[in-house]
Amino acid sequence: MAFISVENLKTGYETEKGIVQAVDDVSFSLENGESIGIAGESACGKSTLGLSIMRIVPDVSITSGDITLEGKSILKMPKSEFAKNVRWKDVSMVFQGAMNSLDPVFTVEEQFVEVLKQHRYDGDYKQKISEIVNSVGLTQDVLKKYPHELSGGMKQRIVIAMALLLKPKFVIADEPTTALDVLVQAQIINLLKKMKKEGMSIMLITHDLAIISEVAEKIGIMYAGKMIEFGSAAEIYKNPKHPYTQALLKSIPRLRGDKVTNYIKGNPPSLMHPPQGCRFYDRCPQAMEKCKKDVPKFKTDSGYVSCWLYE
Amino acid sequence: MNEILLVQNLTKHFAKKGIFSSSGTVVKAVDDVSFSLKKGEVLVLAGESGSGKSTTARLILRAIEPDSGRIVFDGIEIGNDNKSLEKIRMQCQMIHQDPYASINPRMKISDIIMEPLEIHKIGTKEERKKMVLDALHEVKLEPAEDVFNKFPHMLSGGQRQRVVLARALVLKPKLIIADEPVSMLDVSIRAEVLELMRELQQKHDISYIYITHDLSTARYLGQNISIMYLGKIVESGPIDEVLLHPRHPYTQALLDAISEPEPDNLLKEKKIRINEPLDIDVYQGCRFRARCPYAIEKCNEEPPLEQTGQDRLAACFVKLD
Ligand SMILES: Nc1ncnc2c1ncn2[C@@H]1O[C@H](COP(=O)(O)OP(=O)(O)OP(=O)(O)O)[C@@H](O)[C@H]1O
Ligand SMILES: Nc1ncnc2c1ncn2[C@@H]1O[C@H](COP(=O)(O)OP(=O)(O)OP(=O)(O)O)[C@@H](O)[C@H]1O
Ligand code: SF4
Ligand code: SF4
Ligand SMILES: [Mg+2]
Ligand SMILES: [Mg+2]
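What this report covers is the structure whose coordinates are included nearby. (Residues numbered from 1 in each chain as written. Chains lettered and ligands numbered in written order. Predicted model: local features only at pLDDT ≥ 70, side-chain atom pairs only at ≥ 80, totals over all residues. Heavy atoms only, no water.)

**What to know about the overall build of chain A**
Move 1: When its secondary structure is counted, chain A shows nine helices and twelve strands.
Move 2: At 20 Å, chain A has a C-alpha radius of gyration in line with the 19 Å of a compact globule built from 311 residues.
Move 3: In terms of principal-axis extent, the alpha carbons of chain A reach across some 65 × 50 × 40 Å.
Move 4: In chain A, which comprises 311 residues, the share counted as buried stands at 57%.
Move 5: Summarising the internal contacts of chain A: among those between residues at least 6 apart in sequence, 63% fall at separations of at least 24.
Move 6: Surface accessibility of chain A: about 13400 Å² in total, with carbon and sulfur atoms responsible for 52%.
Move 7: In chain A, which carries 40 positive and 37 negative side-chain charges, the distance between the mean positions of the two groups comes to 2 Å. (Helix = DSSP H or I, 4+ residues; strand = E, 2+ residues; numbered from the N terminus. Rg over C-alpha atoms; globule rule 2.2 N^0.38 Å. Buried < 20%, exposed > 50% of the residue type's maximum accessible area, 1.4 Å probe, protein only. Contact = heavy atoms within 4.5 Å. Areas by Shrake-Rupley, 256 points an atom, 1.4 Å probe, with all protein chains shown as cover. Lys, Arg positive; Asp, Glu negative; His and termini not counted. Charge placed at Lys NZ, Arg CZ, Asp CG, Glu CD.)

**Quick look at the site of ligand 4**
All names here are of chain B.
Move 1: Taken together, 13 residues lie around ligand 4, and C286, C292, C299, C316 and F317 are the ones closest in.
Move 2: If you map ligand 4 onto the pockets, it falls in the second largest cavity.
Move 3: Here the shell around ligand 4 is built from residues that sort into eleven nonpolar, one polar and one charged. (Near = heavy atom within 4 Å. 1 Å grid on protein atoms, 1.4 Å probe; cavity = no way out; pocket = protein on both sides within 12 Å on 5 of 7 lines; lining within 4 Å. Sits in = over half its atoms within 2 Å of the grid points. Nonpolar A, V, L, I, M, F, W, Y, C, P; charged D, E, K, R; others polar.)

**Some points on the sheet that holds strand β5 (residues 76–77) of chain B**
Residue and element names in this part refer to chain B.
Move 1: Pairing within the open sheet is antiparallel, and its four strands lie in the order β2-β1-β4-β5. Of all strands in the sheet, those with a lone pairing partner are β2 (25–38) and β5, marking the two edges.
Move 2: One ladder, built from nine bridges, connects strand β1 (residues 3–16) with β2; its direction is antiparallel. Bridging across to β2, K16 finds its partner in T25.
Move 3: The strands touched by helix α1 (residues 53–60) within the sheet are β1, β2 and β4 (68–73), with β1 carrying the most contacts at an inclination of about 120°. (Pairing = 2+ DSSP bridges. Axes fitted to C-alpha atoms, helices over the stretch in contact; angles between N-to-C directions.)

**Regarding the nonpolar core**
As a rule of thumb, nonpolar side chains are buried together in soluble globular proteins.
Move 1: Ranked by internal contacts, the top residues of the largest apolar core, which has 67 residues, are I113(B), L136(B), L215(B) and I225(B).
Move 2: Non-local contacts of I225(B), meaning those with residues more than four positions away in its chain, are made with L43(B), V44(B), A46(B), L215(B), A218(B), E235(B), S236(B), G237(B), I239(B), V242(B) and L243(B).
Move 3: L143(A), L150(A), I202(A) and V305(A) belong to the second largest nonpolar core, which has 66 residues in total. (Core = buried A, V, L, I, M, F, W, Y, C linked by side-chain atoms within 4.5 Å.)

**Here we look at the coordination of the magnesium ion (ligand 5)**
Move 1: All of the protein donors around the magnesium ion (ligand 5) are S47(A) (OG) and Q96(A) (OE1); their distances to the metal are 2.0 to 2.2 Å. Taken together, the residues S47(A) in helix α1 (residues 46–53) and Q96(A) in the loop between β6 (91–94) and α3 (108–118) connect sequence positions 49 residues apart. (Donors = N, O, S within 2.8 Å, 3.2 Å for Na, K, Ca; no water.)

**A closer look at the packing of aromatic side chains**
Move 1: Following the criterion strictly, the structure yields twelve aromatic pairs over all chains and no others.
Move 2: Seen from their ring centres, Y229(B) and F288(B) are 5.0 Å apart, and the 85° between their planes marks the pair as edge-to-face. Residue Y229(B) is found in strand β9 (residues 224–229), and its partner F288(B) is found in the loop between α10 (249–257) and β11 (306–309); the two are separated by 59 residues along the sequence.
Move 3: Aromatic ring contacts, followed pair by pair, group F28(A), F230(A) and Y304(A) into a single cluster. (Phe/Tyr/Trp six-rings, centres within 6.5 Å; stacked < 30°, edge-to-face > 60°.)

**Section: unusual backbone geometry**
Residues and elements named next belong to chain B.
Move 1: The peptide bond linking E142 to P143 adopts the cis configuration, its omega dihedral lying at -10°.
Move 2: As for its placement among the helices and strands, P143 is situated in the loop between α4 (125–138) and α5 (144–148).
Move 3: Despite not being glycine, D32 has its phi angle at roughly 60°, a positive value.
Move 4: Tracing the chain through its elements places D32 in strand β2.
Move 5: A positive phi angle, close to 60°, is found at K140, a residue other than glycine.
Move 6: Residue K140 is classed as partly exposed on the basis of its relative accessible area, which comes to 43%.

**What to know about the interface of chain A and chain B**
One frequent convention defines the size of an interface as the accessible area lost when the parts assemble.
Move 1: With 47 residues of chain A in contact, the opposing surface of chain B contributes 45 residues.
Move 2: Interface area for chain A against chain B, summed over the two sides, is near 4000 Å², with a carbon-plus-sulfur share of 59%.
Move 3: Of all residues in chain A, L183(A), L255(A) and K259(A) bury the most surface against chain B, accounting for 19% of the area lost on that side.
Move 4: Counting the contacts that link chain A with chain B gives four salt bridges. (Buried area = accessible area lost by both parts, 1.4 Å probe. Salt bridge = Lys/Arg side-chain N within 4 Å of Asp/Glu carboxyl O.)

**Remarks on the side chain of R62(B)**
Move 1: Note that R62(B) resides in the loop between α1 and β4.
Move 2: What R62(B) contacts, discounting residues up to four positions off in sequence, is I78(B), G79(B), N80(B), L85(B) and R89(B).

**With respect to α10(B)**
Quick reminder: α-helices carry 3.6 residues per turn. Residues three or four places apart thus point the same way.
Move 1: When you tally the buried positions in α10(B), you get nine out of nine residues, the bulk of the element.
Move 2: The complete set of buried residues in α10(B) reads P249(B), Y250(B), T251(B), Q252(B), A253(B), L254(B), L255(B), D256(B) and A257(B).
Move 3: For α10(B), the secondary structure elements touched by its buried residues are α6 (182–197) of chain A together with α8 (215–221), β9, β10 (232–238) and α9 (239–244) of chain B.

**Focus on the packing of α3(A) against helix α4 (residues 125–135) of chain A**
Residue and element names in this part refer to chain A.
Move 1: The interhelical angle for the contact between α3 and α4, taken along N-to-C directions, is 115°, at an axis separation of 11 Å. Considering their axes alone, α3 and α4 lie roughly perpendicular with respect to each other. As α3 packs across α4, the resulting crossing turns out to be right-handed. Of α4, the residues touching α3 (which contributes E109, F112, V113, L116 and K117) are Y125, K126, K128, I129, I132 and V133.
Move 2: Partitioning the contact of α3 with α4 into residue classes produces seven nonpolar, no polar and four charged. (Parallel < 35°, antiparallel > 145°, perpendicular 65-115°, else oblique. Left-handed = near helix turned anticlockwise from the far one by under 90°.)

What follows is the structure in structure tokens.
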């Protein structure tokens, strides 16, 4: 039995102009002890995927699919049951940019207390907060401080700590290292590694494929709402199948080895009126006539790829 | 004369007004910084947040007044006289980090790019229009005639950063200071903007100061690099040499911290060769001493920035292997 499995998930936002299909038929699953990295360029639906698993998007926006955690559907259960027993307890999330939305007028401790209240926590608040602050590598004196007195790295640890309060099994971290200095990034990466050692499974959302290699056994590459390739990190880094995955890997500047000159020209299609067939068609160097037909998922050694080259 | 920019002993200290403490302290944002830049050269200024990179840029452009030091741009010493100020402000252009903040969302692309021409009273209306179109072609925003009438929100992040670049180019500058020009962009768009910057540099022999804390994009664009730490240059030299064989413990720590897309990373903890900062006066002795894993007794004195090889300088008492 898979630890977590997402099947044919579709999430669309209703807007005045029409429906933005931000997550379109996404599937993946993880075994016990595995973590996943989700990569893809801006607006491809990464955060929406995370928010959908947390059921923080409007109910009507998830129009199909299922999500099971240890065999039990957490998407089909009533919203109230999900809120009471699953959200923050089993599955939690560090939201994109959360470190910049800490409330400036409250101390860190007050903000922890507020979160615990919202969770209706009935244990010893002081002890809980002190424990969690330690576990993310901060000292107790941060508790009395206000957000503006903290460095970026400290704020990021605090929002991670907030997601860990109720000891979730599955933690979604949305761009936790973006906009931080490299040295601070490295510290946050080590914190994520430590969380994994303690038994948590992580879904790391980032547009930086290099960072994913530090924490994820599995990788899902998203493009315009679709997960176009899913597989083991080893397979994706060493033998990427989808032309988009290949291009994405080539566009990463390397510290050693070749200086890159490759980037992906053009823009992804609109999520409101996506074209028929492969969504990468316009930008794909290997596009063929056939690619104008919708692409199924073809099996690979460790996952799948949505590209007609692998029929 | 081969040098486009000469910076000598540049210094700027700020009085830091604590919000809660009344006792002000001094931030030595830029402290006795010297470097030079050849025509057509790309120099990378790297270092963590607060190391003084942007302050250095603002001093060069005279957006702020230095406490001391000299700046010679294209053979002319920059002072407070109108002539030298006009020269530096026309021939040295700055690109900022955030493509969303640095352009006015209510202005048309054409007006955004035309603005510097109007400020410096260059050309007739018709000539200005042509210069704007030329700049749009330069940065490959095509069809330029269409883009001309668009508003910023109709463009992607990468396209907006091209607009910023076009705005800098329209005055035909000799030096562009790019302050984290790609850090707000997606990894996949970064390469595109960097590639364009490099093309322009080669075509027009423009010199760049490329400010970043990201050493992997630094290598892509730069020929030389200076690493700053708390207001001082701690290491400098040709970029491949510095990145492959760092001589300063801080450079080494920065390099270790970078992740590369390698599946083997999964199995190892990231090596961070930097200590939790000690609570000591950072301006006493080597500034990196509070976090340096190699610190010795002698580091209570300030290490001079000394030659350690051909074109290479480092400020450290200890020899790294
Ligand atoms: N609340 C919303 N209402 C309408 N559209 C939305 C909403 N949230 C996101 N979208 C749209 O859904 C698409 C996917 O957005 P999402 O935030 O999931 O992307 P992302 O991959 O996380 O991007 P980024 O890397 O920039 O964070 C985008 O087109 C976005 O504009
Ligand atoms: N106008 C100012 N008044 C007071 N202090 C200032 C001022 N401008 C900069 N500083 C301080 O000077 C130091 C250097 O700042 P600077 O912006 O040059 O750093 P930076 O290297 O560009 O950092 P970042 O990577 O975050 O942009 C910082 O400690 C900053 O707080
Ligand atoms: S399906 Fe066709 S267009 Fe799409 S990625 Fe594969 S080859 Fe390219
Ligand atoms: S001089 Fe001393 S403290 Fe400074 S970097 Fe070198 S070894 Fe470290
Ligand atoms: Mg997002
Ligand atoms: Mg700066």
